[in-house]
Amino acid sequence: MTSEQAEIGVVGLGTMGANLALNIAEKGFVTAGYNRTHEKAFELAEEARGFGGTIVPAKTLEEFVAALKAPRVIVLMVPAGTIVDDQIAALRPLLSDGDIVVDAGNADFNDTVRRTRELEGSGLHFVGIGVSGGELGARHGPSIMAGGPAEIYPRLQPILEAISAKYEGSPCVAHLGTDGAGHFVKTIHNGIEYADMQMIAEIYGIMRDGLGLEAGAMADIFAEWNKGGLSSYLVEITAVNLAEKDPETGQPLVDLITDEAGQKGTGRWAVIEAQKLGAGATTLEAAVSARGVSSRRGERARAAEAYAGLAATSGQFSGDKAGIAELEQALETAKIIAYAQGFAVMDAASKEFGWNLPLGEIARIWRAGCIIRSRFLDDIASVTDSGETVNLLVAPDFVSRVSAGEGALRKVVAKAALSGLPVPALSAALAYFDDYRRARGTTNLTQAQRDLFGAHTFHRLDREGTFHHRWPAV
Ligand SMILES: NC(=O)C1=CN([C@@H]2O[C@H](COP(=O)(O)OP(=O)(O)OC[C@H]3O[C@@H](n4cnc5c(N)ncnc54)[C@H](OP(=O)(O)O)[C@@H]3O)[C@@H](O)[C@H]2O)C=CC1
Ligand SMILES: O=C(CO)[C@H](O)[C@H](O)COP(=O)(O)O
């Protein structure tokens, strides 16, 4: 291979990096590849040759950098945290003015902001981008959420547009704002992903433990739902997950998988940022907490024993057509509420960090390629396009949909409570909805309590100003 021929380079050729490199090479861009375990780069170069693409493999970072045309574009696809800092530190002495380092892994947007500042004035440009779509998305078309300096984006745009997913011909990629905007949006994408997955799991729990349905029967129901308002990648894969049989035992594979959810941190970051912004993302919180509870399997087994004597009111749910339709409508309604929360967090962040996030564009680039892709994002795009700051819950189209579905959600949450079936995310959605639509809430009492014990003051409904009352001593 000759030197200085690659238009872009990828560092970190694991699940995502390898597939992204193949995707880029397939689109006709000569791509340099470096991996800590360098054999992978050579294997990948061989694979790319198979479809006529070029990946220039490198044994060392020096060789990798030498293979790139200047000004260089280097994409990091390694695990979040210090590994990204270490890679930047290792690359820095090898790079020149004008080179661009792109962190395309999941990252805490605070780290992206810090790295941007650290590289400011160094001659290098730092760009944080979120990539969603998992292994297949990376290979054939992910949704890409770009941050970083607006003036640098045009240099990345042709490659990003070529490799991204397309929705009716439109590339699912956009520059969303400066510094950490892309990673922030990806983080909220993942928070919504957690909520969506948790709600699906709760409905599955009702079908399994409340209705006694077998996995195969549930697969058919989810496959049917995927043809309607719930049509989405996550519902589609749920049907596939439930239909799959373990090749060794012939049993549904899902029945043999332990009920302990892993998490790599993005959902937690989403919830932390929502809390910092004072934008309640209760369905996302419920989903993150539920994964935490699930991981304490031993503790749960002991608690199950301790409360074995508690009687649940069985027979609440019905498996007939109307009963299944009620579950479908409850899930659809709760999903709208979860997405409303996610978009409200992005709206709050946009104002706090001065990003001017294009919420309609975000919904549009999530319509294909990413894990939460669904038909329903098209509806969100039209609502958020108006440019007005609205919580989706008060947009007219969603008011009618939530009004039509809230009864089903309420019944499902109530029946689950009576049955002793856990529905933390579905009930969080309902509670948020009831809270959000209540013109006269109850925190007047909270304010009174705060003023009594801490002289924190309060506002009054009947006059302007800030007040402190001399409450009776307690
Ligand atoms: N998997 C997914 O669905 C998605 C993942 N992401 C994000 O993409 C990034 C990569 O994830 P993924 O591809 O799944 O992870 P993998 O574990 O499959 O790959 C990790 C890559 O990072 C390299 N690496 C790990 N530790 C080090 C280190 N200390 N120094 C140098 N290189 C190191 C590995 O090299 P080696 O081969 O030598 O171990 C490998 O190339 C992460 O930020 C992840 O959050 C984003 C969207 C989806
Ligand atoms: O970014 C992703 C999808 O969008 C990754 O698959 C991520 O790993 C999912 O998060 P977690 O591992 O915490 O479930």
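The protein chain carries the name 6-phosphogluconate dehydrogenase, decarboxylating in an unreviewed UniProt entry, which gives Aureimonas populi as its organism. Database annotation for the protein chain, UniProt heading Subunit (unreviewed entry): "Homodimer." Word for word, the UniProt comment on the protein chain under Sequence similarities (unreviewed entry) is "Belongs to the 6-phosphogluconate dehydrogenase family."

Enquirer: Sorry if this is basic, but what is going on with the site of ligand 1 here?
Expert: Looking at ligand 1, there are 21 residues lining it, with G14, M16, R36, G105 and N106 nearest. Every element with two or more residues in the shell around ligand 1 is listed here: α1 (15-26) and β6 (125-132). The element best represented in the shell around ligand 1 is α1, accounting for three residues. Considering only residue class, the shell around ligand 1 consists of eight nonpolar, 10 polar and three charged.

Enquirer: Hey, could you run me through the site of ligand 2 in this one?
Expert: Close contacts around ligand 2 come from N106, S132, G134, N190, E193, G262, Q263, K264, T266, G267 and I371, and that covers them all. Residue assignment for the shell around ligand 2 shows that the elements contributing at least two residues are α8 (181-210) and α11 (266-276). The residue inventory of the shell around ligand 2, partitioned by class, reads one nonpolar, eight polar and two charged.

Enquirer: How should I be thinking about helix α4 (residues 82-91) in this particular structure?
Expert: Since one α-helical turn is 3.6 residues long, residues separated by three or four positions face the same way. Of all the positions in α4, only V84, Q87, I88 and L91 are classed as buried. On an axial view of α4, the arc spanned by its buried residues comes to 100°, and they lie on one face. The outward face of α4, more than 90 degrees from its buried face, is lined by the exposed residues T82, D86, A89 and A90. Looking at the buried side of α4, the elements it contacts are β1 (8-11), α3 (61-66), β4 (73-76), β5 (100-103) and α5 (109-119).

Enquirer: I keep staring at the sheet that holds β6 and nothing clicks. Help me out?
Expert: The pairing of strands in a sheet happens through backbone hydrogen bonds and is either parallel or antiparallel. Spatially, β3-β2-β1-β4-β5-β6-β7-β10 is the arrangement adopted by the eight strands of the open sheet, whose pairing is mixed. Looking along the sheet, the strands with just one partner apiece sit at the ends: β3 (55-58) and β10 (173-175). Mean inter-strand twist for the sheet, computed between neighbouring axes without regard to direction, equals 20°. Strand direction decides the pairing type here: β5 and β6, joined by four bridges, are parallel. When the sheet's bridge partners are listed, D103 is paired in β6 with G128. This element, α8, spans β6 and β7 (143-146) of the sheet and lies at about 20° to β6.

Enquirer: Sorry if this is basic, but what is going on with the environment of I362 here?
Expert: For I362, the position within the fold is in helix α15 (residues 359-365). In this structure, the C-alpha to C-alpha distance between I362 and V173, residues 189 residues apart in sequence, is 8.7 Å. Not counting the four nearest positions on each side in its chain, I362 is found in contact with L176, V185, M346 and L357.

Rules and cut-offs
- Residues numbered from 1 in each chain as written.
- Chains lettered and ligands numbered in written order.
- Predicted model: local features only at pLDDT ≥ 70, side-chain atom pairs only at ≥ 80, totals over all residues.
- UniProt positions renumbered as here; feature names shortened; annotations may be inferred.
- Near = placed C-beta within 6 Å.
- Helix = DSSP H or I, 4+ residues; strand = E, 2+ residues; numbered from the N terminus.
- Nonpolar A, V, L, I, M, F, W, Y, C, P; charged D, E, K, R; others polar.
- Buried ≥ 20, exposed ≤ 12 C-beta atoms within 10 Å, placed from the backbone.
- Arc of directions from axis to C-beta.
- Contact = placed C-beta atoms within 7 Å.
- Pairing = 2+ DSSP bridges.
- Axes fitted to C-alpha atoms, helices over the stretch in contact; angles between N-to-C directions.

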